[in-house]
Amino acid sequence: MAAMPCETGDFNKWLADFGREATSLGVGPQAVSALNGITYDKKVIGLDRNQKHFKVSFEEFIKNRVSGGRITKGRQMLKKHAQLLARIEKDFGVPPQIIVAIWGMETDYGVVLGKMPAIRSLATLAYDCRRTDFFQQQLFDALRVIDRGDITPAEMRGAWAGEIGQTQFMATSYYRYALDYDGDGRRDLVKSVPDVLGSTANFLKGHGWIRGAGYHPDEPNYAALQGWNKANIYSRALGYFADKLIEGS
């Protein structure tokens, strides 16, 4: 959608205008009603302005994110979901350890999804003038995900920037890459492990993942990991985590 002006008038008027624009672009009224009663969240703006976690050393970054307990649990997930992960690798070319590393890094294997209402976070950031175009598109695509019947607005809870589900998809990625991998008719990245893991692989393939190639810096699939998260420290950590999961196997 074309970007709307940011921080003009009061937030409620801006939100109503956004809803009318979404309606004109084909989003159904039930999905647009997810905007009703949404309020501006100053906490989200504060978190957006204070992102210090990528400004630490690699060793500090992985200390808690790639812990012994998380590696142990990840190896258990590789075994528990071996058949599913083998199917995913066959379909998309992404090896199991990468999928499980992302799952572990993002939400500790679906345990910590975040509790902040995604629509509220996205609306706040879409109204803000720092990354207006990006977050207005995210808000629009969140409404399209709802309109498509994938998940409800109440299920759209996550981290402060609007990330959704067990591997924390942004709404535009959800709309573009989410799959109904369990065949139940919905693309559910909150509750369905097959949908979550299959969609994560589909995202990486959509960002250029090459079957059988390496995923560390200066290797072909590192760019796909940066499609997932453009921060070098995060992409490096994913590769490190993935190797730890299969170390000695």
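Before reading further, recall that the structure is shown in the block above.
Residues numbered from 1 in each chain as written. Predicted model: local features only at pLDDT ≥ 70, side-chain atom pairs only at ≥ 80, totals over all residues. Heavy atoms only, no water.

Caption draft 1: Region of interest: the packing of aromatic side chains. A full pass over the atoms with the stated rule returns 16 aromatic pairs. Ring plane angle 70° and centroid distance 5.5 Å describe the contact between Trp 14 and Tyr 127, whose orientation is recorded as edge-to-face. With Trp 14 in helix H1 (residues 11-24) and Tyr 127 in helix H8 (residues 118-127), this pair connects stretches of sequence that are 113 residues apart. Of the aromatic side chains, those joined through ring pairs into one cluster are Phe 11, Trp 14, Phe 18, Tyr 40 and Tyr 127. Over the ring of Phe 61 we find Arg 65; its NZ or CZ atom is 3.9 Å from the centre of that ring. It is Arg 87 that lies over the ring of Tyr 181; its NZ or CZ is 3.7 Å from the centre. (Phe/Tyr/Trp six-rings, centres within 6.5 Å; stacked < 30°, edge-to-face > 60°. Helix = DSSP H or I, 4+ residues; strand = E, 2+ residues; numbered from the N terminus. Lys NZ or Arg CZ within 6 Å of the ring centre and 35° of its normal.)

Caption draft 2: Local environment of the side chain of Thr 172. Along the chain, the position of Thr 172 falls in helix H10 (residues 171-177). Only 2.6 Å separates the side chain of Thr 172 from the side chain of Asp 141, close enough to count as a polar contact. Non-local contacts of Thr 172, meaning those with residues more than four positions away in its chain, are made with Gln 137, Gln 138 and Asp 141. (Polar contact = N/O pair within 3.5 Å; in protein donor to acceptor, adjacent residues only side chain to side chain. Contact = heavy atoms within 4.5 Å.)

Caption draft 3: Looking closely at the pattern of salt bridges. For the coordinates displayed, the defined rule picks out 15 salt bridges. In this structure, Asp 48 engages Arg 131 in a salt bridge whose closest nitrogen and oxygen atoms are separated by 2.8 Å. Highlighted residues: Asp 48 in helix H3 (residues 42-48) and Arg 131 in the loop between H8 and helix H9 (132-148), separated in sequence by 83 residues. A relative accessible area of 3% places Asp 48 in the buried class. (Salt bridge = Lys/Arg side-chain N within 4 Å of Asp/Glu carboxyl O. Buried < 20%, exposed > 50% of the residue type's maximum accessible area, 1.4 Å probe, protein only.)

Caption draft 4: Structural context of H8. Extensive coverage of H8 is indicated by the burial of nine of its ten residues. Looking only at H8, the buried set comprises Ala 118, Ile 119, Ser 121, Leu 122, Ala 123, Thr 124, Leu 125, Ala 126 and Tyr 127. Tucked inside the fold, the buried residues of H8 contact H1, H3, strand E1 (116-117), H9, strand E2 (157-158) and H10.

Caption draft 5: Fine view of the packing of helix H7 (residues 96-107) against helix H11 (residues 193-206). Here H7 crosses H11 at 110°, and the two axes come no closer than 10 Å. Relative to H11, H7 is oriented roughly perpendicular. The crossing of H7 and H11 is right-handed. Between H7 and H11, the contacting residues are Ile 98, Ile 99, Ile 102 and Trp 103 on the first element and Val 193, Leu 197, Thr 200, Ala 201 and Leu 204 on the second. The residue inventory of the contact of H7 with H11, partitioned by class, reads eight nonpolar, one polar and no charged. (Axes fitted to C-alpha atoms, helices over the stretch in contact; angles between N-to-C directions. Parallel < 35°, antiparallel > 145°, perpendicular 65-115°, else oblique. Left-handed = near helix turned anticlockwise from the far one by under 90°. Nonpolar A, V, L, I, M, F, W, Y, C, P; charged D, E, K, R; others polar.)

Caption draft 6: Highlighting the side chain of Asp 41. Here Asp 41 shows up in the loop between helix H2 (29-32) and H3. Classification of Asp 41 as buried rests on a relative accessible area of 12%. Of the polar contacts made by the side chain of Asp 41, one reaches the backbone nitrogen of Lys 43; its length is 3.0 Å. Look past the residues within four positions of Asp 41 in its chain and what remains in contact with it is Met 116, Arg 120 and Thr 124.

Caption draft 7: The nonpolar core, seen in detail. One finds Trp 14, Ile 98, Ile 119, Leu 139, Met 156, Leu 197 and Leu 204 to be the most contacted residues of the largest nonpolar core, which totals 82 residues. Those residues in contact with Ile 119, other than ones at most four positions away along the chain, are Ala 34, Leu 35, Ile 38, Leu 139, Ala 142, Leu 143, Ile 146 and Met 156. (Core = buried A, V, L, I, M, F, W, Y, C linked by side-chain atoms within 4.5 Å.)

Caption draft 8: Fine view of the packing of H1 against H8. Two elements in contact, H1 and H8, have axes whose closest approach is 11 Å; the angle formed by their N-to-C orientations is 100°. Classed by the angle they form, the pair H1 and H8 counts as roughly perpendicular. Note on element contacts: H8 touches H1 through Ala 123, Thr 124, Ala 126 and Tyr 127, opposite Phe 11, Trp 14 and Leu 15. In terms of residue class, the contact of H1 with H8 is made up of six nonpolar, one polar and no charged.

Caption draft 9: Spatial organisation of the environment of Gly 74. Along the chain, the position of Gly 74 falls in helix H5 (residues 68-80). Judged by relative accessible area, Gly 74 falls into the buried class, the value being 0%. In sequence terms Gly 74 and Ala 142 are 68 residues apart; their C-alpha atoms lie 30 Å from each other. Setting aside chain neighbours within four positions, we find Gly 74 in contact with Val 100, Tyr 109 and Leu 245.

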